Amino acid sequence: MVSEKKKESILAGFKAFLMRGNVVDLAVAVVIGAAFTNIVNSVVKGLISPVIGLVGTQSLDAYKSCIKDPCGIGPDGKPTGVELLWGSVLNAALTFLITAAVVYFLMVLPMAKYLAKVEQRRKAKEGVQETMEITELVVLKEIRDELIAQRGAGGGSVHSDAPSPRL
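This one's a predicted model, so the numbers in the text were calculated from it and none came from an experiment.

Evaluation of the coordinates by the stated rule reveals 1 disulfide. Disulfide pairing places Cys66 opposite Cys71 at an S-S distance of 1.8 Å. A torsion of 85 degrees about the S-S bond marks the disulfide between Cys66 and Cys71 as right-handed. Accessibility expressed as a relative area gives 28% for Cys71, which makes it partly exposed.

In structure tokens:
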């Protein structure tokens, strides 16, 4: 019996963990991120790299230096010597920079501008709402003062030296 209750509580805890908003949001972000990676890679490979290729070469992977001679392929088909593959490191660094620039200029910057406009509109609406609340307060004070004046003029029960109620 204890084992079944413990198993149920573990499963209930796991279910609660999975159903929390953070986990679901993270899963959606990973899926969208994977799809977005394909778009960014296509932009880099299809548009940016060819433009850079006009100036230099499209693939830097072929650039390398030999540290320990002889570098090449031996008669048994295995590589000989020690090569430094600095071209592929440079290629990875440039790909990262290009990808970061594409993401920033095509996604982050426009989204930041959009969110700034939304925030500006929200603040403008709050300003209008505060103005309306202040106007309503003024009207309510005028109504209060008018009621007090009517009660005082009618010889009613309100004494003129009594403090007026505050809103």
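Turning to the packing of aromatic side chains, a few remarks are in order. Tallied over the full model, the rule gives 2 aromatic pairs. Seen in terms of ring centroids, Tyr63 and Trp86 are 5.6 Å apart; in terms of plane orientation they differ by 25 degrees. Their pairing is stacked. Taken as a pair, Tyr63 in the loop between helix H2 (21-55) and strand E1 (65-73) and Trp86 in helix H3 (residues 86-153) lie far apart in primary sequence, 23 residues in all. By relative accessible area, which is 39% here, Trp86 ends up partly exposed.

Parameters at a glance
Residues numbered from 1 in each chain as written. Predicted model: local features only at pLDDT ≥ 70, side-chain atom pairs only at ≥ 80, totals over all residues. Heavy atoms only, no water. Disulfide = S-S within 2.5 Å. Buried < 20%, exposed > 50% of the residue type's maximum accessible area, 1.4 Å probe, protein only. Phe/Tyr/Trp six-rings, centres within 6.5 Å; stacked < 30°, edge-to-face > 60°. Helix = DSSP H or I, 4+ residues; strand = E, 2+ residues; numbered from the N terminus.

Such coordinate-based values are descriptive only and should not be taken to indicate function.
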